[in-house]
Amino acid sequence: MSDLRLLVVVASTRPGRVALPVSQWFVDAAKAHGGFQVSVADLAEENLPLLDEPHHPRLSRYEHEHTRRWSEKVGAADAIVFVIPEYNFTLGAVAKNAIDYLHHEWRYKAAGVVSYGGVSAGTRSAMALHAAVFALNLFTIAQQVNIPFVTSRMVDGRFDPSETTEAAATVLLDELHRVAGALKPLRG
Ligand SMILES: Cc1cc2nc3c(=O)[nH]c(=O)nc-3n(C[C@H](O)[C@H](O)[C@H](O)COP(=O)(O)O)c2cc1C
């Protein structure tokens, strides 16, 4: 059943970021789900500067190796899950910058969100991401994992999900598989 390729994007670059253990948990859940070949792009490792390409990304005329590497990873995916914090009630700049670098690579793909934060569970960030990808024909699904009070779920540096969070991950992955599969003919 692992017929679709899922890219999990770790979208915080802060030292000590919660994004890493949350992503590690989600990657394990995605592998156990069985519907996807799972790979990871850690934006701390991608190390993309603030957008430094001279041409509009729809031209795919990339001048920098970091862009070509990022393009290849996103281009190879059928579906993307962004693991995102909420900063100041919205999406962090790191995620927005990584999205803006590319164009065709996002087109006709399905996207899911794993967000986290305090009382808001990162939901405002998730909705900001939805708006940030709208112009790209990257289709966000409504089924999200939203984790409230994320720091209270950290045990010895690992993320310990609640039953609700685990169940939400399964629902997200099921729907993502369905939508990414349905969009496949459009991707050619
Ligand atoms: C600049 C900044 C702004 C933040 N703003 C919010 C916020 O608006 N809502 C929220 O729930 N948490 C907010 N937080 C707390 C984050 O949820 C918490 O620091 C989380 O660990 C950030 O994710 P990260 O560790 O993966 O970077 C903020 C943290 C930082 C550093």
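Check the entry above for the structure.
All figures in this text were calculated on a predicted structure; none of them were measured in a lab.

Counting secondary structure elements, the chain contains seven helices and 10 strands. For the chain, whose C-alpha radius of gyration is 16 Å, the value lies close to the compact-globule estimate of 16 Å for 188 residues. Taking the principal axes of its C-alpha atoms as reference, the chain extends roughly 45 × 35 × 25 Å. Out of the 188 residues belonging to the chain, those deemed buried represent 48%. The averaged location of the 20 negative side-chain charges in the chain is 4 Å from the averaged location of its 18 positive side-chain charges.

Let us now look at the site of the ligand. Looking at the ligand, there are 14 residues lining it, with Ser12, Arg14, Tyr87, Phe89 and Tyr116 nearest. Between the ligand and serine 120, the relevant distance is 3.5 Å, taken from an oxygen atom to a side-chain nitrogen or oxygen of the residue. In isolation the ligand offers 610 Å² of accessible surface; the protein chains occlude 72% of this area.

For the rest of this paragraph, the subject is unusual backbone geometry. Unlike most non-glycine residues, alanine 121 shows phi in positive territory, near 55 degrees. With respect to the helices and strands, alanine 121 occurs in the loop between β6 (109-116) and α5 (123-133). Of the residues examined, alanine 121 reaches a relative accessible area of 7% and is grouped as buried. Located in the positive-phi region is aspartate 156, a residue other than glycine, with phi close to 50 degrees. Here aspartate 156 lies in the loop between β9 (154-155) and β10 (158-159).

What follows deals with the nonpolar core. In this structure, Leu6, Val22, Phe26 and Leu176 are the most contacted members of the largest nonpolar core, which totals 30 residues. Elements with a contribution of two residues or more to this core: β1 (4-10), α1 (19-33), β2 (36-42), β3 (79-84), β6, β8 (145-147) and α6 (163-182). When residues in this core are grouped by element, the largest group, six residues, is from α1. The contact partners of leucine 176, leaving out residues within four places of it in the chain, are Leu6, Phe36, Ala79, Ile80, Val81, Ala110, Ala111, Gly112 and Ile141. Ranked by size, the runner-up nonpolar core spans 28 residues in total, among them Ala98, Ala111, Val113 and Val133.

Scoring rules and cut-offs
- Residues numbered from 1 in each chain as written.
- Predicted model: local features only at pLDDT ≥ 70, side-chain atom pairs only at ≥ 80, totals over all residues.
- Heavy atoms only, no water.
- Helix = DSSP H or I, 4+ residues; strand = E, 2+ residues; numbered from the N terminus.
- Rg over C-alpha atoms; globule rule 2.2 N^0.38 Å.
- Buried < 20%, exposed > 50% of the residue type's maximum accessible area, 1.4 Å probe, protein only.
- Lys, Arg positive; Asp, Glu negative; His and termini not counted.
- Charge placed at Lys NZ, Arg CZ, Asp CG, Glu CD.
- Near = heavy atom within 4 Å.
- Polar contact = N/O pair within 3.5 Å; in protein donor to acceptor, adjacent residues only side chain to side chain.
- Areas by Shrake-Rupley, 256 points an atom, 1.4 Å probe, with all protein chains shown as cover.
- Core = buried A, V, L, I, M, F, W, Y, C linked by side-chain atoms within 4.5 Å.
- Contact = heavy atoms within 4.5 Å.

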